[in-house]
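Here's the letter readout for the chains.
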Amino acid sequence: MSVPRPHIVVLDDSERALRRLADWGRIDAQADVSIHHAALSGSALVAALKDADVIVLMRDRTPFTAELLAQLPKLRYLVFTGTRNAKLDLAALAARKIPVSCTKFGPSKDSTCELTWGLILAATKQLASQTARLQAGQWRSDTAAPLPGTLVGQRLGLIGLGEIGGRVARVGKALGMDVVTWSPRMTAERAAEQGVGFLPLDELLASSQVVSLHLVVLPSTRHVLNAQRLALMQPGSLLVNTSRSELIDTAALVQALQQGRPGFAALDVFDVEPLPLDEPLRQLPNVLLTPHLGFVTEPVFQRFATGVTECLQAWLSQQPLVRVVAPAA
């Protein structure tokens, strides 16, 4: 009697990168593989996963909860891309004695810094609207609308000065900006070590031409930018978020943008992804939106694809598992 082949299910490979960037030949020879490119939820998600022996998660695009795990009796191994997954119930997996592995990450911090500056420059120089005019057969605007701005001499306020925030700070200083920072544990001494100033959050918001978020989401930082704090920003200021959407109260941000404080927002992260068609942010004229591109680069996904196949090949060959983050209890 033949032994059933393991069933591997991959979720959220919307970039269709995992097969393109790695050799799945050995895996296909030993297992049946289903790859889902579109996001799944509810009963469709359970139906896709119910017969899975192995699940591969693309970062934290699909929350993996204890409630979901309880509906997956066949699951024996889980792999996620990247090195952190805040939406994965590791305790529930450990209770079922299901090991969890991750991949390496690649230059995602550099990529996110680059995107942050791409958004800052694109918003400041009005690249989207100016390009649209050219494509519509026009030249520069002949109205009395504000012209593109400059960054030299302006204040850059960084909410968070970790590995990404520190990179963003160095670029800001190279451009001649006055760089200041705040975070829950920041001190003037720690800020000075990176050559930037420290300000209380309210003062940073009120005095910065550009505000960029670079914090992790904790109970103390969720909605750190609420209606009251958004109202402190200058009418002509720019708010940039390439970190996590939960740092900003989105409903409050929509109202703040409608009222002109801040004057513009450039966002790469959203409460619901992919961004729904009826999301109010899509309707605002003073926003620049990108589809969560901070870590989405060829080198990062090359590392993801290679890492996933390494993990799967080790499991299928009954070899020691690769990069285990939660060994079975």
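Here the structure is shown first, and the text comes after it.
Residues numbered from 1 in each chain as written. Predicted model: local features only at pLDDT ≥ 70, side-chain atom pairs only at ≥ 80, totals over all residues. Heavy atoms only, no water.

How would you sum up helix 12 (residues 298-316)? Please name residues and give values.
Owing to its 3.6 residues per turn, the α-helix brings residues three or four apart onto one side. In this model, helix 12 (19 residues) spans 27 Å end to end at C-alpha, consistent with the 27 Å of a helix rising 1.5 Å per residue. In the stretch just after helix 12, Q318 is the one whose phi turns positive, near 55 degrees. (Helix = DSSP H or I, 4+ residues; strand = E, 2+ residues; numbered from the N terminus. Expected span 1.5 Å × (residues − 1).)

Go over the sheet that holds strand 2 (residues 32-35), please, and point to the residues and values.
Taken in spatial order, the 6 strands of this open sheet run 2-1-3-4-5-13, and their pairing is mixed. Of all the strands in the sheet, just strand 2 and strand 13 (324-326) have a single pairing partner and so form its edges. Within this sheet the neighbouring strands show an average axis-to-axis angle of 25 degrees, counted without direction. Of the strand pairs in this sheet, strand 1 (residues 7-10) and strand 2 are connected by 4 bridges, and their pairing is parallel. When the bridges of strand 2 are listed, H7 appears paired with D32. Contacts between helix 12 and the sheet are confined to strand 1, strand 3 (54-57), strand 4 (77-80) and strand 5 (100-102), with strand 4 contributing the most and set at about 165 degrees to the helix. (Pairing = 2+ DSSP bridges. Axes fitted to C-alpha atoms, helices over the stretch in contact; angles between N-to-C directions. Contact = heavy atoms within 4.5 Å.)

Describe the sheet that holds strand 8 (residues 197-198), and please don't skip the residues or the numbers.
In spatial order, the strands read 8-7-6-9-10-11-12; together these 7 strands make up an open sheet with parallel pairing. The open sheet has two edge strands with one neighbour each: strand 8 and strand 12 (287-289). For strand 6 (residues 155-159) and strand 9 (residues 210-213), the ladder comprises 4 bridges, and the chain directions are parallel. Counted as the bridge partner of G157 is V211 from strand 9.

Go over a nonpolar patch on the surface with me, naming the residues and quoting the values.
On the surface, L121, V171 and L175 cluster together into a nonpolar patch covering about 200 Å² of accessible area. By the element assignment, L175 lies in the loop between helix 7 (163-174) and strand 7 (178-182). (Patch = residues over 30% accessible without salt bridge, like charges linked within 9 Å, V, L, I, M, F, W, Y side chains within 5 Å. Areas by Shrake-Rupley, 256 points an atom, 1.4 Å probe, with all protein chains shown as cover. Salt bridge = Lys/Arg side-chain N within 4 Å of Asp/Glu carboxyl O.)

Quick one: what's the story with helix 2 (residues 42-49), residue by residue and with numbers?
Listed in full, the buried residues belonging to helix 2 are L45, V46, A48 and L49. In an axial view of helix 2, the angular spread of the buried residues amounts to 160 degrees, which keeps them on one side of the axis. Buried positions along helix 2 lie against strand 1, strand 3 and helix 3 (66-69). (Buried < 20%, exposed > 50% of the residue type's maximum accessible area, 1.4 Å probe, protein only. Arc of directions from axis to C-beta.)

Which residues make up the pairing of strand 3, and what values go with them?
Along strand 3, one buried face is formed by V54 and V56 and the opposite face, lined by I55 and L57, is buried too. As defined by bridge partners, strand 1 adjoins strand 3 across 3 bridges and the pair is classed as parallel. Following the sheet pairing, V9 is matched in strand 3 by I55. Sheet topology places strand 3 next to strand 4; 4 bridges connect them, and they run parallel. Within the sheet, the bridge partner assigned to I55 lies in strand 4 and is L78.

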